[in-house]
Amino acid sequence: MTKKSNKVKKITLALQGGGSHGAFTWGVLDRLLEETQLEIEAVSGTSAGAMNAAVLASGYEKEGNKGARRALQEFWKAISLKGAFSPYHSGPFNPYGADWSPIALGFDMMSHLLSPYQINPLNHNPLKDMIEETIDFDKLRRCGKIQLFISATNVNTNHLHVFTNEQLTAEVLMASACLPHIHQAVQIDGDYFWDGGFMGNPVLEPLVRQCETPDTIVIQVNPTRRDDLPRFALDIADRLNEITFNSNLMREIRSYLDVTKLIEKGYITDPHIARTYFHVIPIATELARLGVRSKLDTSWTLIQRLFNVGRRQAEQWLAKHYDDIGRRSTLDLAEWTPTEMR
């Protein structure tokens, strides 16, 4: 049972990317949105996290928490329908799932031999059409209830670009989720963009600098730790992506926690420098065990499974840490701090 207080607790959310594994994040969000005493001030998202953030804010603008929950459910149902004929989609013609599909393996090999400019010269992407159909971008750009910070990597400048509410378009979301070996770079205002996870998965700076609440909840999709050593090429590439996509996030969290420690010890007394509290709703064991190709599997069976796991993780976290919001950080420092810094 979640502990309650009469005071509304404000939070910000940091949503990681991870393809179809973003359905786990949907489950977490669905459970958090049931808490009437929680108020979401802002969301920072990358890739699938950016999609979840935009859909949540759009639905919330229309009908509050209920609208956000409904919008997220409709979005993920649409994702499953659009991906029904994908070679990674598990089902009757692919009963063993994406990780064991010879068709998916063939597409993997082709994507390493040929670029998306060769495979898909017309740059057709059904995901873009679906996003435009399910998200009201005019309303989203006028959204004043939840601030959004969507990250993408500028291919030309090697810089992180953070898009805010008034800048959001379908192209921005596609840019945030653009994996360069699968999709062509997305052009926005003369620049080209790839997945935001290369520079921040997701970025925390705007949540810390531009929001009132000190509490940020990170919904984790990419594991920081794996006990097994990857030995196959696909597993090695997947672990390399996890390390790359987590490194900037871990670095940001460590730097902000160091500032908070200095404030608590009295070394920093400037009132303009605020302490920050970080919380992590961790990736579930079931999710961490899935192979890399499952991130492209949009079967409703998998999406529902991840959704249910996400709800359960959120329920457990709320039961244990709800009262800590606004009081202290609850993430496992041993996992997020290098050994030599402890």
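Everything below is about the structure printed above this text.
All values derive from a computational prediction rather than experimental measurement.

Definitions and cut-offs
Residues numbered from 1 in each chain as written. Predicted model: local features only at pLDDT ≥ 70, side-chain atom pairs only at ≥ 80, totals over all residues. Heavy atoms only, no water. Helix = DSSP H or I, 4+ residues; strand = E, 2+ residues; numbered from the N terminus. Buried < 20%, exposed > 50% of the residue type's maximum accessible area, 1.4 Å probe, protein only. Contact = heavy atoms within 4.5 Å. Areas by Shrake-Rupley, 256 points an atom, 1.4 Å probe, with all protein chains shown as cover. Axes fitted to C-alpha atoms, helices over the stretch in contact; angles between N-to-C directions. Parallel < 35°, antiparallel > 145°, perpendicular 65-115°, else oblique. Left-handed = near helix turned anticlockwise from the far one by under 90°. Nonpolar A, V, L, I, M, F, W, Y, C, P; charged D, E, K, R; others polar. Phe/Tyr/Trp six-rings, centres within 6.5 Å; stacked < 30°, edge-to-face > 60°. Core = buried A, V, L, I, M, F, W, Y, C linked by side-chain atoms within 4.5 Å. Polar contact = N/O pair within 3.5 Å; in protein donor to acceptor, adjacent residues only side chain to side chain. Patch = residues over 30% accessible without salt bridge, like charges linked within 9 Å, V, L, I, M, F, W, Y side chains within 5 Å. Salt bridge = Lys/Arg side-chain N within 4 Å of Asp/Glu carboxyl O.

Undergrad: Would you take a moment to explain the overall build of the protein for this structure?
TA: Scanning the protein from terminus to terminus reveals twelve helices and eight strands. Counting over 342 residues, the protein shows a buried share of 52%. Put simply, of all contacts in the protein between residues at least 6 apart along the chain, 77% involve residues at least 24 apart. When the accessible surface of the protein is summed, it comes to about 16,900 Å², and 54% of that surface belongs to carbon and sulfur atoms.

Undergrad: Please explain the packing of helix α1 (residues 22-32) against helix α11 (residues 300-321) as it appears in this structure.
TA: Describing two packed helices takes the angle between their axes plus the distance from one axis to the other. Packing of α1 against α11 brings their axes to within 6 Å, and their N-to-C directions diverge by 45°. With respect to α11, the element α1 is oriented oblique. Classified by chirality, the crossing of α11 by α1 is right-handed. Counting all contacts with α1, which are made through Ala 23, Phe 24, Trp 26, Gly 27, Val 28, Asp 30, Arg 31 and Leu 32, the residues of α11 involved are Trp 300, Ile 303, Leu 306, Phe 307, Val 309, Gly 310, Arg 311, Gln 313, Ala 314, Glu 315 and Leu 318. Split into classes, the residues belonging to the contact of α1 with α11 amount to twelve nonpolar, three polar and four charged.

Undergrad: I would appreciate a short explanation of the packing of aromatic side chains in the present structure.
TA: For any pair of aromatic rings, the description rests on two quantities: the centre-to-centre distance and the angle between the ring planes. Within the structure shown, the criterion is met by six aromatic pairs. Seen in terms of ring centroids, Trp 26 and Trp 76 are 6.5 Å apart; in terms of plane orientation they differ by 10°. Their pairing is stacked. Residue Trp 26 is located in helix α1, and its partner Trp 76 is located in helix α2 (residues 48-82); the two are separated by 50 residues in the primary sequence. Overall, Trp 26 belongs to the buried group, its relative accessible area being 3%. Summarising the aromatic geometry, the rings of Trp 26 and Phe 307 are spaced 4.1 Å apart at their centres and angled 40° between planes, so their arrangement reads as tilted. Taken together, the residues Trp 26 in helix α1 and Phe 307 in helix α11 connect sequence positions 281 residues apart. Residue Trp 26 shares its accessibility class with Phe 307, and that shared class is buried. An aromatic cluster is present here, built from Trp 26, Phe 75, Trp 76, Trp 300 and Phe 307 joined pairwise through their rings.

Undergrad: Is there a simple way to think about the nonpolar core in this case?
TA: One recurring pattern in soluble globular proteins is that nonpolar side chains are buried together. By size, the foremost hydrophobic cluster in this structure holds 67 residues, and its most contacted members are Leu 13, Phe 24, Ile 131 and Leu 173. Considering every element that reaches this core, the biggest residue donor is α2, with 14 residues. Aside from chain neighbours lying at most four places away, what touches Leu 173 is Ala 50, Met 51, Ala 54, Ile 131, Ile 135, Phe 137 and Ile 150. The next biggest cluster of nonpolar side chains, apart from the first, holds 15 residues, and it includes Leu 204, Val 218, Leu 249 and Val 280.

Undergrad: Can you walk me through the side chain of Arg 31 in this structure?
TA: Within the secondary structure, Arg 31 is located in helix α1. Looking at Arg 31, the relative accessible area reads 6%, which means it is buried. Engagement of the side chain of Arg 31 in a polar contact is seen with the side chain of Glu 315, the distance being 2.4 Å.

Undergrad: Hey, could you run me through the packing of α2 against helix α5 (residues 126-134) in this one?
TA: Look at α2 against α5: their axes get within 10 Å of each other, and the N-to-C directions meet at 150°. With respect to each other, α2 and α5 are oriented roughly antiparallel. Here α2 and α5 pass one another in a crossing that is right-handed. Here Met 51, Phe 75, Ala 78, Ile 79 and Lys 82 of α2 lie close against α5, whose contacting residues are Pro 126, Leu 127, Met 130, Ile 131, Glu 133 and Thr 134. Partitioning the contact of α2 with α5 into residue classes produces eight nonpolar, one polar and two charged.

Undergrad: Where do I start with a nonpolar patch on the surface in this structure?
TA: Where nonpolar side chains cluster on the molecular surface, the patch consists of Val 155, Tyr 192 and Trp 194 and spans about 230 Å² of accessible area. For Tyr 192, a relative accessible area of 34% puts it in the partly exposed group.

Undergrad: Whenever I open this one, unusual backbone geometry confuses me. Can you help?
TA: In the segment running from Asn 201 into Pro 202, the intervening peptide bond is cis, with an omega of -10°. Looking at the element boundaries, Pro 202 is found in the loop between β6 (191-195) and α8 (205-210). A positive phi angle, near 65°, is found at Asn 158, a position not held by glycine. With respect to the helices, strands and loops of the structure, Asn 158 is situated in the loop between β3 (147-154) and β4 (159-164).

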